[in-house]
Amino acid sequence: MISARIAGHPASVGHYIVGGVTGEETREGVTLTNLDQPLFDGAEATKRDLVDYLDAVAGRLVPVLRDRALSVVRVRPGQEPFMQKNLPKYAPSWIARVSVWADSSRRQVTYALGNDRRTLIWFGNQRAVEYHPSLFAGDQVTHLVLDLDPPEGSESFGLAVRAAFLVRQALAEAGLAGAVKTSGAKGVHVFVPVEPGVPVPDLAAATRAIGARAERLDPALATTAFIREDREGKVFIDSTRAGGATVVAAYSPRIRPGVPVSFPVPWPDLDRVTPRDFTLRTAAALVERDDPWAGAMPAPQRLPADLVEEGHTIPVARVQAMHEGKRRARARRDAS
């Protein structure tokens, strides 16, 4: 257990104020409640374990959240998990925030910024388990991201790892390098830092081109097919994470049995680990002395012109899938 607890009478332990009678604690001025409740079914952890973890890794997690519009996934007792984007009106005024216009809902959305340890502790008390920051820091998009989503099955993570090495090869052939982490679920994320000022359409195009080049290296293993029924049991190289998209942060827990954590892995070790190696109970100790995500991340890179040009010739997957879905629906109606 990371935090100290003293039973029988209120006491101050470092930044913690512990109330033995009420079971409440105060950390960094945040009142924490119901800490010994189960986090969710199958978690094998309590809300206290979540808060303790966020407190312990704040020095690693805050840098990947700082100045990025933050969406969180919360889980309340007896309810299904839900994603929260808009910061609740009852949120403390000291939480940094940013207002963003959302085209999809045609309204302003006020996002929290995970800029300090106190904010993480508050979100932990709100049972926010997952942390999904925007790829924008301020008004600059900072990374090209490939999300590798394997098919269901006992060997799914191993397939995602094999596909990640395809992406690494495609990046290397383009003169680029990236860092890799487990998604915390069954997949893998590859992050490529880019120089400031890249227009979002060019970043999205380059992402599509890398995905297509990786697919061509081993089309029996990997696919960029956006429609699930077209993937034929292959690893989906999701090259749509650009612009306003979010990706679960390095060091974020996931709402999965055992509470795995999205965790950075050195490329040479990627085929030697499993998502179960990094959990709410084990990950904090792995980052006590250094920050493996920051250490693995290359310097920002310029996107090659030919990569961007190639990507602009590739249709946008979501748009193409939407039109194809409508076409197939019409065909089914005609056939019936």
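All values reported here derive from a predicted model rather than from experimental measurement.

Novice: I'd like to hear about the overall build of the protein chain, residue by residue, with values.
Specialist: From N to C terminus, the protein chain includes eight helices and 16 strands. Sorting the 336 residues of the protein chain into buried and exposed places 51% on the buried side. Taking contacts inside the protein chain between residues at least 6 apart in sequence as the whole, the part at least 24 apart equals 70%. Total accessible area on the protein chain is roughly 16000 Å²; 51% of this is exposed by carbon and sulfur atoms.

Novice: Please give an account of the packing of helix α4 (residues 200–217) against helix α7 (residues 305–312) that cites residues and values.
Specialist: Between α4 and α7, the least distance of the axes is 7 Å, while the angle of their chain directions is 85 degrees. It follows from the interaxial angle that α4 and α7 lie roughly perpendicular. The segment α4 lies against α7, with P201, D202, A205, A206, R208, A209, I210, R213 and R216 engaging D306, L307, V308, E310, G311 and H312. Its residues assigned to classes, the contact of α4 with α7 comprises seven nonpolar, two polar and six charged.

Novice: Run through the pattern of salt bridges, naming residues and quoting values.
Specialist: Counted under the stated rule, the structure contains 20 salt bridges. Close ionic contact of E232 with K234 constitutes a salt bridge, the shortest N to O distance being 3.7 Å. In the salt-bridge network here, residues are joined through shared partners; they are E25, R27, E28, D36, R48, D52, D55 and R117.

Novice: Tell me about the sheet that holds strand β15 (residues 222–223), and please be specific about residues and values.
Specialist: Taken in spatial order, the five strands of this open sheet run β13-β14-β12-β16-β15, and their pairing is mixed. The sheet terminates laterally at β13 (179–182) and β15, the two strands that pair on one side only. Contacts from helix α3 (residues 156–173) reach β12 (143–149), β13, β14 (188–193), β15 and β16 (235–238), with the element oriented near 20 degrees to β14. Contacts between α4 and the sheet are confined to β12, β15 and β16, with β12 contributing the most and set at about 40 degrees to the helix.

Novice: Go over the environment of D41 with me, naming the residues and quoting the values.
Specialist: In this fold, D41 is placed in the loop between β4 (30–32) and α1 (47–65). Classification of D41 by relative accessible area gives exposed; the value is 79%. Once the C-alpha coordinates of D41 and P257 are considered, the two residues, 216 residues apart in sequence, prove to be 7.8 Å apart.

Novice: For the confidence of the model for the protein chain, give the residues involved together with the corresponding values.
Specialist: Mean pLDDT over the protein chain stands at 89; residues scoring 70 or higher make up 88%. Residue range residues 1–14 is modelled with pLDDT below 50. Its contacts to residues more than four positions away, or to other chains, number 31 contacts.

Novice: Give a detailed account of the nonpolar core, specifying residues and quantitative values.
Specialist: Formed by 89 residues in total, the largest nonpolar core has its most connected members in Y53, L61, F123, Y131, L148, V190 and L303. Sort the elements by how many residues they give to this core and α1 lands first, with ten residues.

Novice: Go over helix α2 (residues 117–125), please, and point to the residues and values.
Specialist: Among the nine residues in α2, seven count as buried, and that is most of the element. For α2, every residue scored as buried is listed here: T119, L120, I121, W122, F123, G124 and N125. Just downstream of α2, R127 is the residue with a positive phi angle, here 65 degrees.

Novice: Help me get a handle on the packing of aromatic side chains, residues and values and all.
Specialist: Going through the model one piece at a time under the given rule, you end up with eight aromatic pairs. Judged by centre distance (6.3 Å) and plane angle (85 degrees), the rings of F123 and Y131 are edge-to-face. With respect to burial, F123 and Y131 carry one shared label: buried. Taking 5.4 Å as the distance between ring centres and 80 degrees as the angle between the ring planes, the aromatic pair formed by F191 and W293 counts as edge-to-face. In this pair, F191 is assigned in strand β14 and W293 in helix α6 (residues 292–296), connecting sequence segments 102 residues apart. Accessibility expressed as a relative area gives 9% for F191, which makes it buried. For W293, a relative accessible area of 6% translates into the label buried. Grouped by ring-pair contacts, the aromatic residues Y90, W122, F123 and Y131 constitute a single cluster. Note that R118 overlies the ring of W94, its terminal NZ or CZ placed 3.9 Å from the centroid. When the ring centre of F236 is taken as reference, the NZ or CZ atom of R231 above it lies at 3.8 Å.

Novice: Describe the pairing of β12, naming the residues involved and giving the relevant values.
Specialist: Within β12, six of the seven residues are buried, leaving the element largely enclosed by the surrounding structure. Pairing geometry for β12 and β14, over six bridges, is antiparallel. Within the sheet, the bridge partner assigned to L148 lies in β14 and is V188. In this structure, β12 lies alongside β16, joined through three bridges in antiparallel fashion. Bridge pairing links L148 to I237 in β16.

Quick notes on the rules
Residues numbered from 1 in each chain as written. Predicted model: local features only at pLDDT ≥ 70, side-chain atom pairs only at ≥ 80, totals over all residues. Heavy atoms only, no water. Helix = DSSP H or I, 4+ residues; strand = E, 2+ residues; numbered from the N terminus. Buried < 20%, exposed > 50% of the residue type's maximum accessible area, 1.4 Å probe, protein only. Contact = heavy atoms within 4.5 Å. Areas by Shrake-Rupley, 256 points an atom, 1.4 Å probe, with all protein chains shown as cover. Axes fitted to C-alpha atoms, helices over the stretch in contact; angles between N-to-C directions. Parallel < 35°, antiparallel > 145°, perpendicular 65-115°, else oblique. Nonpolar A, V, L, I, M, F, W, Y, C, P; charged D, E, K, R; others polar. Salt bridge = Lys/Arg side-chain N within 4 Å of Asp/Glu carboxyl O. Pairing = 2+ DSSP bridges. pLDDT = per-residue confidence, 0-100. Core = buried A, V, L, I, M, F, W, Y, C linked by side-chain atoms within 4.5 Å. Phe/Tyr/Trp six-rings, centres within 6.5 Å; stacked < 30°, edge-to-face > 60°. Lys NZ or Arg CZ within 6 Å of the ring centre and 35° of its normal.

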